[in-house]
Amino acid sequence: MTRPAHRRPGQSRKAQTSLFIAYVIAVTGAVAGLLLAILSVVDPVGFAQLRVASHEVTAPVARVSRSVIGSISGVDDAVSAYVKAGSQNRRLRKQLNDTRRQLVATSALQEENRQLKALLKLQQTDRAALANGYLLTSTSTSSKRIALLSIGRNLGVQAGQPVRGADGLIGRVLSSGPSVSQVLLLTDVDNIVPVRRARDGLPALSSGRGNGDLDIRTLNIANNPFKPGDILVTSGTGGLYPPNIPVAIIVRRQDDGALARPLADPGKVDAVSVLRPYTPDNIEARPAISTAPAAPVPARPAPQ
């Protein structure tokens, strides 16, 4: 005999038990919901406490689920950051390089402006200035300390003319061409400059050492009063170099004099001035260098 396609639940004890349990759960849920509704109306305070208690029971489950979700989100963020790290590093390196170039350019412009302002002030106060130019190159390892100047005979530059920067003496013109000139630097062994100590006028001689420093020797060998920090300026003795140009600062005392360092470093100086040679013929025409502003010229009274 063929088995019926749909068997009734009553024919299976397991099915009957499952159906009974489902009915019990449904009835229990309905009764519990009805009781809670009645309790919320009859005793709102008690219902609130019951709701808080239910939250306390479910809080551990919520904490665990939140932690799991946070961990999954953190893993996702870490993977995303790892994937994007290459492009971010390239962008940051490019920004850093751009910022570094801008900083270097700004520093160079500030230094050039400082030197140009100092030279402009020097040009206004020192009538011995003949022309202004730039040091194009300077030797650093050769036995001869020579720099190349950007101007020549086209602006009246001739051999023997002093060259100074905003901070002090650079040297003298060794030879001049149509548009460039060679400058024998102050630190060359063949360049000897009469100097004096700025604070008391003590005379001395400065000679280059060929390594960027200067040897300072007093005219009186038995007297060696130099101290570190002493400032030396040109004395004007013997002509050529005008007086009162800053030359060097004493860094160390020696047995036969002192070791000094030039105040104007040719490796850092760009703009320079070429001066007229200091001779007895132009002593009267050249005023003393002063950093104070010039006094105003009084106005002449109008003719009556």
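About the cut-offs
- Residues numbered from 1 in each chain as written.
- Predicted model: local features only at pLDDT ≥ 70, side-chain atom pairs only at ≥ 80, totals over all residues.
- Heavy atoms only, no water.
- Helix = DSSP H or I, 4+ residues; strand = E, 2+ residues; numbered from the N terminus.
- Buried < 20%, exposed > 50% of the residue type's maximum accessible area, 1.4 Å probe, protein only.
- Contact = heavy atoms within 4.5 Å.
- Pairing = 2+ DSSP bridges.
- Axes fitted to C-alpha atoms, helices over the stretch in contact; angles between N-to-C directions.
- Core = buried A, V, L, I, M, F, W, Y, C linked by side-chain atoms within 4.5 Å.
- Polar contact = N/O pair within 3.5 Å; in protein donor to acceptor, adjacent residues only side chain to side chain.
- Salt bridge = Lys/Arg side-chain N within 4 Å of Asp/Glu carboxyl O.
- pLDDT = per-residue confidence, 0-100.
- Patch = residues over 30% accessible without salt bridge, like charges linked within 9 Å, V, L, I, M, F, W, Y side chains within 5 Å.
- Areas by Shrake-Rupley, 256 points an atom, 1.4 Å probe, with all protein chains shown as cover.

Engineer: Teacher, can you tell me more about the overall build of the protein here?
Structural biologist: Looking only at helices and strands, the protein has two helices and 12 strands in total. The helix and strand sequence of the protein, counted from the amino end, reads α-α-β-β-β-β-β-β-β-β-β-β-β-β. Looking at the protein residue by residue over its 304 residues, the buried ones come to 27%. Residue pairs at least 24 apart in sequence account for 56% of intrachain contacts in the protein once pairs closer than 6 positions are excluded.

Engineer: How do you make sense of the sheet that holds strand 11 (residues 257–262) when you look at a structure like this?
Structural biologist: Within a beta sheet, neighbouring strands are joined by backbone hydrogen bonds and run either parallel or antiparallel to one another. Taken together, the six strands give a closed barrel; going around it, the order is 6-7-8-11-10-9, and neighbouring strands pair in antiparallel fashion. Averaged over all pairs of adjacent strands, the angle between their axes in this sheet comes to 40°, without regard to strand direction. Two elements, strand 6 (residues 192–197) and strand 7 (residues 203–208), share five bridges in a ladder whose sense is antiparallel. Paired with Arg196 across the two strands is Pro203, which belongs to strand 7.

Engineer: I keep staring at the sheet that holds strand 5 (residues 181–185) and nothing clicks. Help me out?
Structural biologist: Read around the barrel, six strands follow the order 1-2-5-4-3-12 and close on themselves; strand pairing throughout is antiparallel. Taking each pair of neighbouring strands and ignoring which way they run, the sheet shows an average axis angle of 45°. Where strand 2 (residues 146–149) meets strand 5, four bridges bridge the pair, whose relative direction is antiparallel. Within the sheet, the bridge partner assigned to Leu148 lies in strand 5 and is Gln182.

Engineer: I would appreciate a short explanation of the pairing of strand 3 (residues 162–165) in the present structure.
Structural biologist: Residues in a regular strand project their side chains so that they alternate between the two faces of the sheet. A two-sided burial pattern is seen for strand 3, the buried positions comprising Pro162 and Arg164 on one face and Val163 and Gly165 on the other. One ladder, built from three bridges, connects strand 3 with strand 4 (residues 169–176); its direction is antiparallel. Across the sheet, residue Arg164 finds its bridge partner in strand 4, namely Leu169. Counted along the chain from strand 3 to the antiparallel partner strand 4, the turn is three residues long. Relative to strand 12 (residues 271–275), strand 3 runs antiparallel, the two sharing three bridges. Paired with Gly165 across the strands is Val272, a residue of strand 12.

Engineer: Sorry if this is basic, but what is going on with the nonpolar core here?
Structural biologist: For soluble globular proteins, the rule of thumb is that nonpolar side chains tend to be buried together. Leu169, Leu214, Ile216, Phe226, Val247 and Ile250 are the most contacted members of the largest nonpolar core, which has 19 residues in total. Here this core gets three residues from one element, more than from any other, and that element is strand 10 (residues 246–254). Leave out the neighbours within four places in its chain, and Leu169 touches Val163, Arg164, Leu186, Val193, Thr234, Tyr241, Ile245, Pro246, Val247 and Ala264. Core analysis: the next-biggest nonpolar cluster, separate from the first, contains 15 residues, Leu185, Ala264, Val269 and Val274 among them.

Engineer: Hey, could you run me through the side chain of Asp215 in this one?
Structural biologist: Tracing the sequence through the fold places Asp215 in strand 8 (residues 214–218). Within the structure, Asp215 has its side chain in polar contact with the side chain of Arg209 (distance 2.7 Å). If we ignore the near neighbours within four places in the chain, the residues touching Asp215 are Leu205, Ser206, Ser207, Arg209, Gln254, Ala258 and Leu259.

Engineer: Just checking my understanding: could you explain the side chain of Ser273 for this structure?
Structural biologist: With respect to the helices, strands and loops of the structure, Ser273 is situated in strand 12. In this structure the side chain of Ser273 is engaged in a polar contact, spanning 2.6 Å, whose partner is the side chain of Asn132.

Engineer: Which parts of the structure should I look at to understand the pattern of salt bridges?
Structural biologist: Side chains that carry opposite charge are capable of pairing whenever their charged atoms lie near each other. Within the structure shown, the criterion is met by six salt bridges. The salt bridge partner of Lys94 is Asp98, with a shortest N-O separation of 3.3 Å. Taken together, the positions of Lys94 and Asp98, both in helix 2 (residues 44–125) and four residues apart, correspond to about one turn of that helix. With relative accessibility at 24%, the residue Asp98 sits in the partly exposed group. Of the charged contacts in the structure, one is a salt bridge between Arg209 and Asp215, with a shortest N-O distance of 2.7 Å. Judged by its relative accessible area of 36%, Arg209 is partly exposed. Of the residues examined, Asp215 reaches a relative accessible area of 13% and is grouped as buried. Bridged by salt links that share partners, the residues Arg197, Arg199, Asp200 and Asp230 form one connected network.

Engineer: Explain the confidence of the model for the protein here, please?
Structural biologist: Regions with low pLDDT carry predicted coordinates that are not meant to be interpreted in detail. For the protein, the mean per-residue pLDDT works out to 76, and 68% of the residues sit at or above 70. Mean pLDDT per element in the protein: helix 2 is the minimum at 70, and strand 9 (residues 231–234) is the maximum at 93.

Engineer: Would you take a moment to explain a nonpolar patch on the surface for this structure?
Structural biologist: A cluster of nonpolar residues, Val27, Val31, Leu34, Leu35, Ile38, Val41 and Val42, forms a patch on the protein surface that exposes about 690 Å² of accessible area. By the element assignment, Val41 lies in helix 1 (residues 13–42). Among the residues examined, Val41 registers a relative accessible area of 66% and is labelled exposed.

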